[in-house]
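Letter by letter, the chains look like this.
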Amino acid sequence: MNDDVRELLGKAAQDAGQPVVSTEAVYAKAARVRWRRRTAVSAAAVCAVAAGAFVVPQLSSSPAAPQTSSVGSLAEEPGGTPRDVLLIELLPTDVERLDEVSFAEIIKHVSPPPDDPSRTGPLDGQYSVRRGGGVGYLTVDVRDAEAVRKKLGGAPVEDLCHPANGAPAPDDCVREELSGGRVLTIWSDDMDYGEGTPQWGPELVARLTLADGSVLAVRDSTGFESDDAPGPLLKTPPLTRAELRELMLRPELLPKK
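Undergrad: Give a detailed account of a negative patch on the surface, specifying residues and quantitative values.
TA: Taken together, the side chains of Asp171, Asp172, Asp190, Asp192 and Glu195 define an acidic patch exposed on the protein surface. Along the chain, the position of Asp190 falls in the loop between β6 (183–189) and β7 (199–200). Since its relative accessible area comes to 45%, Asp190 is described here as partly exposed.

Written out as structure tokens, the structure reads:
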């Protein structure tokens, strides 16, 4: 297992967010917000066409079944919108449900659940994604430059697709240099590292390294298998590679400057 995977699995089981509790009122509020946004996008597209412009809206203007999110997770600030409600707004509409979860609780059965971990990014956390009867996971983790240096014992690897020290290159790895000194790397991982519990399914992994040395990391997992897993593996990761790339470039995942 490479260092990145070992680091993420270890952090996933230790840095646990608090469990979620559904609240119908916020479900309804989230649905209303999504409907208003879709209506606004549709109206803007009509106006643009009338003016002779060509606009491709970010969201479909046709009505869609509202996504749902559990709402008991902690918000970034007291009285603010819960993280899972904010994150589901950035995901494809075929995500049936998104819940902020604690890996320490659902995998290690830690009770009572650990305290909410410190967070660098506003949407940092561990989330279950339900789709088509299966349960996958997204993890979002931002580390500032100092935390990255401490973890790695120096500067991060410059090219994750071509690791040093003879380590095997990740599968289907694509490294992309972006504006502002950013570097985005996405690869596939079959997570076939021998027997164990839980046994993780295949996933996509993404790293966005910023010019200041901070790193945004996202796991896009099909889920895990165990005797008490909350659901079967997804057939594919919750997000496609293109959708994961789009998510990685959303400023909402990064701390405000």
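So much for the structure itself; the text now carries on.
Undergrad: Quick one: what's the story with the state of the cysteines, residue by residue and with numbers?
TA: Within this structure, the stated rule accounts for one disulfide. There is a disulfide in this structure between Cys161 and Cys173, and the S-S distance comes to 2.0 Å. Across the disulfide from Cys161 to Cys173, rotation about the S-S bond amounts to roughly -80°, and the bridge is consequently left-handed. Here Cys161, found in the loop between α5 (145–152) and β5 (171–177), pairs with Cys173, found in strand β5; they are twelve residues apart in sequence, far enough to count as distant.

Undergrad: Tell me what's going on with the pairing of strand β2 (residues 97–101), and back it up with residues and numbers.
TA: Within β2, four of the five residues are buried, which leaves it mostly tucked inside the rest of the structure. Bridge count between β2 and strand β3 (residues 125–131): five bridges; the pairing is antiparallel. Each residue of the ladder has a partner; that of Asp99, found in β3, is Ser128.

Undergrad: I'd like a rundown of the pairing of strand β4 (residues 134–143), residues and numbers included.
TA: Burial analysis of β4 places ten of its ten residues in the buried class, the great majority of the element. Across the two faces of β4 the burial is the same, with Gly134, Gly136, Leu138, Val140 and Val142 and Val135, Tyr137, Thr139, Asp141 and Arg143 all buried. Hairpin remark: β3 followed by β4, antiparallel, with two residues in the connecting loop; positive phi at Gly132, about 60°. By the bridge criterion, seven bridges tie β4 to strand β9 (residues 215–221) in an arrangement that is antiparallel. Note that in β9 the partner of Thr139 across the bridge is Arg219.

Thresholds applied
- Residues numbered from 1 in each chain as written.
- Predicted model: local features only at pLDDT ≥ 70, side-chain atom pairs only at ≥ 80, totals over all residues.
- Heavy atoms only, no water.
- Patch = residues over 30% accessible without salt bridge, like charges linked within 9 Å, V, L, I, M, F, W, Y side chains within 5 Å.
- Areas by Shrake-Rupley, 256 points an atom, 1.4 Å probe, with all protein chains shown as cover.
- Salt bridge = Lys/Arg side-chain N within 4 Å of Asp/Glu carboxyl O.
- Lys, Arg positive; Asp, Glu negative; His and termini not counted.
- Charge placed at Lys NZ, Arg CZ, Asp CG, Glu CD.
- Helix = DSSP H or I, 4+ residues; strand = E, 2+ residues; numbered from the N terminus.
- Buried < 20%, exposed > 50% of the residue type's maximum accessible area, 1.4 Å probe, protein only.
- Disulfide = S-S within 2.5 Å.
- Pairing = 2+ DSSP bridges.

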